[in-house]
Amino acid sequence: MRAMYLANYFVAGCIAFSLLGWVASLHPYAFRAVLCLLAAIAIAWGLSWLLDFSLSKLLKISVADLQALLISALAMLLIGLGVFLCS
């Protein structure tokens, strides 16, 4: 059951990043706004890798689960960037 929830979040994240890529392709100002948002997400993602042990205690999940979520977030970002580059 838990894998089904994670798969749903993964698909929702892929859709969200694809939507951001589509919005960025509409107008140059939207492109800049999406780039700023993606930069903030990248900084938060990097800090999550650096602070994984303390963050896992704060979220009350195991380090392996947190790292799995971070890897899936990277995959979602790459899929969204692929949609952006192909549109």
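About the thresholds
- Residues numbered from 1 in each chain as written.
- Predicted model: local features only at pLDDT ≥ 70, side-chain atom pairs only at ≥ 80, totals over all residues.
- Heavy atoms only, no water.
- Core = buried A, V, L, I, M, F, W, Y, C linked by side-chain atoms within 4.5 Å.
- Buried < 20%, exposed > 50% of the residue type's maximum accessible area, 1.4 Å probe, protein only.
- Helix = DSSP H or I, 4+ residues; strand = E, 2+ residues; numbered from the N terminus.
- Contact = heavy atoms within 4.5 Å.
- pLDDT = per-residue confidence, 0-100.

Asks: Now, about the nonpolar core: what can you tell me, with residues and values included?
Replies: In this structure, Cys14, Phe17, Ala24, Val34, Leu38 and Met76 together form the largest nonpolar core, which totals six residues. Mapped onto this core, the elements with two or more residues apiece are helix H1 (2–24) and helix H2 (28–50). Here this core gets three residues from one element, more than from any other, and that element is H1. In this structure Val34 touches Leu20, Val23 and Ala24, once residues within four positions along its chain are discounted.

Asks: How would you explain the confidence of the model for the protein if you had to name every residue and give the values?
Replies: Mean pLDDT over the protein: 84, with 97% of residues reaching 70 or higher. Least confident of the elements in the protein is H1, whose mean pLDDT is 82; most confident is H2, at 88.

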